[in-house]
Amino acid sequence: MNDNTPSHGLQLTSTLDADGTLRLALIEAPLDAPASDEVLVRLEAVPINPSDLMPLLAGGDTATAHFGGSAARPEVAIALPPEAAQAYAGRTGAALQPGLAGAGTVVAAGADAQHLLGRRVTLLSLRRGTFGQYVTVTTAECAPLPEDLSSREGADAFCNPMTALAIAETVRLDGHKALIHTAAASNLGQMLVRICAEDGLPLVNVVRRAEQAQLLRDLGAEHVCNSADPDFAAQLRDAIATTGATVAFDAIGGGASPGLLLEAMEDVAAAAMGFYSPYGSLTLKQVNIYGHLDRTPTVLHNARYGMLWDVRNWALPRTLGQLPPERIAAMNARVLGGLRTTFASHFTREISLAQVLDRETMAAYAKLATGEKFLINPTL
Ligand SMILES: NC(=O)c1ccc[n+]([C@@H]2O[C@H](COP(=O)([O-])OP(=O)(O)OC[C@H]3O[C@@H](n4cnc5c(N)ncnc54)[C@H](OP(=O)(O)O)[C@@H]3O)[C@@H](O)[C@H]2O)c1
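Here the structure is a predicted model, which means the values were calculated and not measured.

1. Considerations on the side chain of Arg-194
Turning to its location among the elements, Arg-194 is positioned in helix 4 (residues 187-199). Salt bridges are absent for the buried Arg-194, whose nearest opposite-charge side chain, Glu-198, sits at 6.4 Å. Once residues lying within four places of it in the same chain are set aside, the contact partners of Arg-194 are Leu-219, Thr-341, Thr-342 and Ala-344.

In structure tokens, the structure reads:
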């Protein structure tokens, strides 16, 4: 670090007190000097993704929050519901730093990372949060952005793009020939529509509003089922029969969603047998729960799924652990080459770090609504 390297920066922290109160604050924190294989990045664009809300809000309801502090140093206190306080008891007293992804400029670099000094990079930081002015990451956690791409365009090159690609990889690794995807109008879902079209992988999209169905059709999606339609069950079975989908990636996760997907896949498989069996079909149906947009408990009635079915939790590191390094490198290169097209993220609002703790803004991004993704610009 030279004399011009910043020693402190604003950092958003989320701390759970022993009495179940979650305290959010923007504090001036000392910066970690980069080790030999690390860089210090001045953050310029940071997405707010669903996975960031867990460390940030810990299941707390922003409608019950108390707002204090000053405009420049806001403070928020949220009394967690008892079940959330209990679920997150392990983090009591720890000042967590939310934020996984981001992009910015390298302002200091360790001995083995000098080639990145002054470069703009996109990053995924697992140890230190990106909801701040600066973050220190290893060279393995970042990649140089192509010169002609803005930090905004490169803000999420790992989290959603790599997850969407890894979903397609999992389908192939597990021997399926088509898949179902729920909450499919999400940012990630739109990427998946484009990936599957490019790769010739049949995809059944499940959404819950007519405008979401239209959005996906405008992107070229062939099979879109709207769960709000009275004939949704028939739409889903038709699309499964047409595509041969035997695996689902369910971002909803809670309530009846995984069970309804299993039932639909089993109905199609049983009908294709041509005879009735009390044991159901011999087709393996799998549901990978990869998000929990519905926080209610998952309900499974093992009556109509046949004999062969799996419901499992799925996360990006699981598939990355199954793939050889050269395959992962090829996936990363595909993402970096397609950040304006296949892997484009659309941000509707750009906010400052202080605005992350603003009453109206918090209520808006906590909704996780279609097409309302927020981008933090820590330089504002
Ligand atoms: N497991 C992993 O490794 C991994 C990695 C990355 C992302 N993810 C998951 O990927 C999912 C999509 O992320 P994203 O950033 O692309 O999301 P996003 O752009 O913020 O969109 C969220 C979508 O979910 C819908 N939604 C919200 N609550 C819902 C509910 N209860 N039932 C049905 N739909 C609901 C919204 O539709 P409305 O407008 O109708 O509310 C919206 O279309 C998230 O669940 C995230 O946690 C998982």
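Now that the structure is up, let's keep going.
2. Details of the pairing of strand 8 (residues 120-124)
Counting buried positions along strand 8 yields four of five residues, so the element is predominantly enclosed. Where strand 7 (residues 101-109) and strand 8 come together, five bridges link them in antiparallel fashion. Bridging across to strand 8, Gly-104 finds its partner in Val-121. As judged from the three bridges shared by strand 8 and strand 10 (residues 142-144), these two strands associate in the antiparallel manner.

3. Observations concerning the domain arrangement of the chain
What the domain assignment lists for the chain is domain 1 (8-156 + 345-376) and domain 2 (162-321). The gap between the C-alpha centroids of domain 1 and domain 2 is 31 Å. With six residues of domain 1 at the contact, the number on the domain 2 side is eight residues. Carbon and sulfur atoms supply 52% of the area that domain 1 and domain 2 bury against each other, a total of about 520 Å² over both sides. Our count for the contact surface shared by domain 1 and domain 2 stands at zero salt bridges. Connecting domain 1 to domain 2 are one residue pair in polar contact (both at pLDDT 80 or more). Of the residues belonging to the side of domain 1 that touches domain 2, the class tally is two nonpolar, three polar and one charged.

4. Looking at the sheet that holds strand 2 (residues 21-30)
Pairing is antiparallel in the open sheet, where five strands are placed in the order 4-5-2-1-6. Pairing within the sheet leaves two strands with one partner each, and these edge strands are strand 4 (66-69) and strand 6 (95-96). Looking at chain direction, strand 1 (residues 8-16) and strand 2 are connected through nine bridges and run antiparallel. The residue of strand 2 that forms the bridge with Gln-11 is Ile-27. Taken strand by strand, helix 1 (residues 50-57) contacts strand 1, strand 2, strand 5 (74-79) and strand 6, and its axis lies near 100° from that of strand 2.

About the thresholds
Residues numbered from 1 in each chain as written. Predicted model: local features only at pLDDT ≥ 70, side-chain atom pairs only at ≥ 80, totals over all residues. Heavy atoms only, no water. Helix = DSSP H or I, 4+ residues; strand = E, 2+ residues; numbered from the N terminus. Buried < 20%, exposed > 50% of the residue type's maximum accessible area, 1.4 Å probe, protein only. Lys, Arg positive; Asp, Glu negative; His and termini not counted. Salt bridge = Lys/Arg side-chain N within 4 Å of Asp/Glu carboxyl O. Contact = heavy atoms within 4.5 Å. Pairing = 2+ DSSP bridges. Domains from an automatic or database assignment. Buried area = accessible area lost by both parts, 1.4 Å probe. Polar contact = N/O pair within 3.5 Å; in protein donor to acceptor, adjacent residues only side chain to side chain. Nonpolar A, V, L, I, M, F, W, Y, C, P; charged D, E, K, R; others polar. Axes fitted to C-alpha atoms, helices over the stretch in contact; angles between N-to-C directions.

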